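# An overview of the molecular structure
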Amino acid sequence: MSITQPAGFSASGVAAGIKDSGGLDVALVVNHGPRFDAAGVFTTNRIAAAPVRWSQSAIHNGQARAVILNSGGANACTGTPGDQDAAVMAEQTAAALKLAADDVLVCSTGLIGERLPMDNVTSGIKLAADVLSADGSESAAKAIMTTDTVHKVASANGTGYLVGGMTKGAGMIAPGMATMLAVVTTDAVVEGTDAQELLAEAVRTTFNRADSDGCMSTNDTVILMASGASGVTPDTHELQELIREVCASLARQIIGDAEGSTRDIAVTVHGAATEQEGEDVARTVTRSNLFKTAMFGKDPNWGRIISAVGTTDAAFDPTTIDVAVNDVLVCQNAGIGEDRNLVNFDNREVTVDIYLKAGEHDVTVWTNDLSYDYIRENAEYSS
């Protein structure tokens, strides 16, 4: 049930005719309380979409009662009319639920640079409000899909409370937050200021370390809503780890569904001097097209890995670095290691371990390979 598994939440997903396919394209998630604490982490792309700007303003007080989401159009780079459309989405949702407009957050995903068909959107909002259900999480998760091939949900059990989540994303995945959207719910008692800190920390080590193609969306949004319906005020550390667990599962599912991919690749940097340097090194490798095409070709070309590492400012001795691919140490002390033909690519998941030997910090960034199908899908995306 994911987002409606925690007490106090209902959801729905409907077909409003935004998508040419006729598929589900409007989702609604509602918090029925008794508390309405909320947090949001948003794209740092300076070209932020209209719904992002609306939601950033609406959640400023740490409260939200509903999130309205659509797929089939990003409402990004649409000027003042786009801002008005985002406001109308909030106002129509608020009217249907008898709320104030600033109690409603707005999320959109799809093609940038086109207006939403607002007649379809508003009719979809009314329908979504009419069919809200405690069993509506699956339809909601499906309604936010764009190039996704599967809907993505997760949940975790706390001590007397629950955490649930849903997300979408398959391309344009390099969140710097905080076209990916996520909603996380919990029935724990969480103060709004604490919720923001908990969400930001979870996003930092999960969504922000899922880097499919190095392209940051204008619409990236992660929302956390806490109903307090369990009556439990949880241990902060436990709640932090459960939110992180849900976000990590959702982020991992995004990589597993990346457009045209055949490999899910975990690049782990060991022994970095700082956590940030470890992340910088891992991300430099995951964004190398030469590395990603090698992985598609089942080629453990460690030269492409070590060359990418060498472009960073991270602290390490360039003569002692090691690299392993699927547990085969193909590079030792920046030179020839074990026979690269020993590397087995039978499984979809690939592990790349880079040993900097410069400190105590380990960081993993997930990515995927670069395939013929990725190029084909994105070459034809808006045609």
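In what follows, the accompanying structure is described. Because the structure is a prediction, the values reported are computed rather than measured.

### Considerations on the overall build of the protein
Looking only at helices and strands, one finds ten helices and 15 strands in the protein. Taking the principal axes of its C-alpha atoms as reference, the protein extends roughly 65 × 50 × 35 Å. Burial analysis of the protein (383 residues in total) assigns 56% to the buried set. Working note: accessible area of the protein is about 14,800 Å², and carbon and sulfur atoms make up 48% of it. Separation between the mean location of the 25 positive side-chain charges and that of the 49 negative ones in the protein comes to 4 Å.

### Some thoughts on unusual backbone geometry
With the exception of glycine, the majority of residues adopt a negative phi angle, and the majority of peptide bonds are in the trans configuration. Residue Pro34 follows Gly33 across a cis peptide bond; omega there is 20°. Inspection of the secondary structure assignment puts Pro34 in the loop between strand E2 (26-31) and strand E3 (37-42). Residues other than glycine seldom take positive phi values, yet Asn75 does so here, at roughly 50°. Given a relative accessible area of 0%, Asn75 falls into the buried group.

### Some details on the side chain of Ser10
Here Ser10 shows up in strand E1 (residues 9-14). Using a relative accessible area of 7% as the deciding quantity, one classes Ser10 as buried. Here the side chain of Ser10 touches His32 through a polar contact of 2.6 Å, side chain to side chain. Sequence-distant contacts of Ser10, defined by excluding residues within four places in its chain, comprise Thr4, Leu28, Val29, Val30, His32, Leu132, Ser133 and Ala134.

### Considerations on the packing of aromatic side chains
Overall, the coordinates contain one aromatic pair when judged by the stated rule. Centre to centre, the rings of Phe296 and Tyr372 are 5.0 Å apart; their planes meet at 85°, and the pair counts as edge-to-face. Pair noted here: Phe296 is in helix H8 (residues 289-296) and Tyr372 is in helix H10 (residues 372-379), with a separation of 76 residues, a long-range link. If you follow Arg65 out to its NZ or CZ, it ends over the ring of Phe36, 3.8 Å from the centre. Against the face of Trp366 rests Arg252, its NZ or CZ located 4.1 Å from the ring centre.

### Quick word on the pattern of salt bridges
Summed over all chains, the structure comprises 21 salt bridges. With a closest N to O distance of 2.9 Å, Lys357 and Asp322 form a salt bridge. Within this pair, whereas Lys357 is found in the loop between strand E14 (349-355) and strand E15 (361-368), its partner Asp322 is found in strand E11 (residues 322-325), the two being separated by 35 residues in sequence. The exposure class of Lys357 is partly exposed, given its relative accessible area of 47%. The partner of Arg376 in a salt bridge is Asp373, and the shortest N-O contact between them spans 2.4 Å. Residue Arg376 and its partner Asp373 are both found in helix H10; the two are separated by three residues, about one turn of the helix. Since its relative accessible area comes to 43%, Arg376 is described here as partly exposed. Each member of the salt-bridge network shares a partner with another, and the members are Glu201, Arg204, Arg209, Asp211, Glu241, Arg244, Glu275, Glu279, Arg283 and Arg287.

### Side note on the pairing of E3
Remark: a regular strand shows side chains that alternate across the two faces of the sheet. Among the six residues of E3, six are classified as buried, and the element is accordingly described as predominantly covered. Judged by which residues are buried, E3 turns out to be covered on both faces: Asp37, Ala39 and Val41 on one side and Ala38, Gly40 and Phe42 on the other are all buried. Inspection of the sheet shows E3 paired to strand E9 (residues 221-226) by six bridges, in the antiparallel sense. Residue pairing for E9: Ala38 is matched across the bridge by Met225.

### Some thoughts on the packing of helix H2 (residues 79-97) against helix H3 (residues 118-130)
Where H2 contacts H3, the axes come no closer than 9 Å and their chain directions differ by 25°. In terms of orientation, H2 and H3 fall into the roughly parallel class. Crossing of H2 over H3 shows right-handed handedness. Contacts between H2 and H3 pair Asp85, Val88, Met89, Gln92, Thr93, Ala96 and Leu97 from the former with Met118, Val121, Thr122, Ile125, Lys126 and Ala129 from the latter.

### Observations regarding the nonpolar core
Core analysis: the biggest nonpolar cluster contains 32 residues, and Val163, Phe207 and Ile243 have the highest contact counts within it. Elements that contribute at least two residues to this core include exactly E3, strand E6 (152-157), strand E8 (181-186), helix H5 (192-205), E9 and helix H6 (236-256). Take this core: its biggest share by element is nine residues, from H6. For Val163, the residues in contact, after removing those within four places along its chain, are Pro6, Ala154, Ser155, Ala156, Val184, Thr185, Thr186, Leu239, Leu242, Ile243 and Val246. By size, the runner-up hydrophobic cluster in this structure holds 29 residues, among which are Val281, Val330, Val343 and Phe345.

### Structural notes on the pairing of strand E4 (residues 66-71)
With six of six residues buried, E4 is to be regarded as a mostly interior element. On E4, burial covers both faces: Ala66, Ile68 and Asn70 on one face and Val67, Leu69 and Ser71 on the other are all buried. When E2 meets E4, the two strands line up antiparallel, connected through five bridges. Within E4, the residue paired with Val30 across the bridge is Ala66.

### Description of the sheet that holds strand E7 (residues 162-168)
The five strands lie next to each other as E3-E9-E8-E7-E6, forming an open sheet whose pairing is mixed. Two strands in the sheet have a free side with no partner beyond their single neighbour: E3 and E6. The mean inter-strand angle of the sheet, taken between neighbouring strand axes irrespective of direction, is 10°. Sitting on the sheet, H5 is in contact with E3 and E9, with an inclination near 35° to E3.

Criteria and cut-off values
Residues numbered from 1 in each chain as written. Predicted model: local features only at pLDDT ≥ 70, side-chain atom pairs only at ≥ 80, totals over all residues. Heavy atoms only, no water. Helix = DSSP H or I, 4+ residues; strand = E, 2+ residues; numbered from the N terminus. Buried < 20%, exposed > 50% of the residue type's maximum accessible area, 1.4 Å probe, protein only. Areas by Shrake-Rupley, 256 points an atom, 1.4 Å probe, with all protein chains shown as cover. Lys, Arg positive; Asp, Glu negative; His and termini not counted. Charge placed at Lys NZ, Arg CZ, Asp CG, Glu CD. Polar contact = N/O pair within 3.5 Å; in protein donor to acceptor, adjacent residues only side chain to side chain. Contact = heavy atoms within 4.5 Å. Phe/Tyr/Trp six-rings, centres within 6.5 Å; stacked < 30°, edge-to-face > 60°. Lys NZ or Arg CZ within 6 Å of the ring centre and 35° of its normal. Salt bridge = Lys/Arg side-chain N within 4 Å of Asp/Glu carboxyl O. Pairing = 2+ DSSP bridges. Axes fitted to C-alpha atoms, helices over the stretch in contact; angles between N-to-C directions. Parallel < 35°, antiparallel > 145°, perpendicular 65-115°, else oblique. Left-handed = near helix turned anticlockwise from the far one by under 90°. Core = buried A, V, L, I, M, F, W, Y, C linked by side-chain atoms within 4.5 Å.

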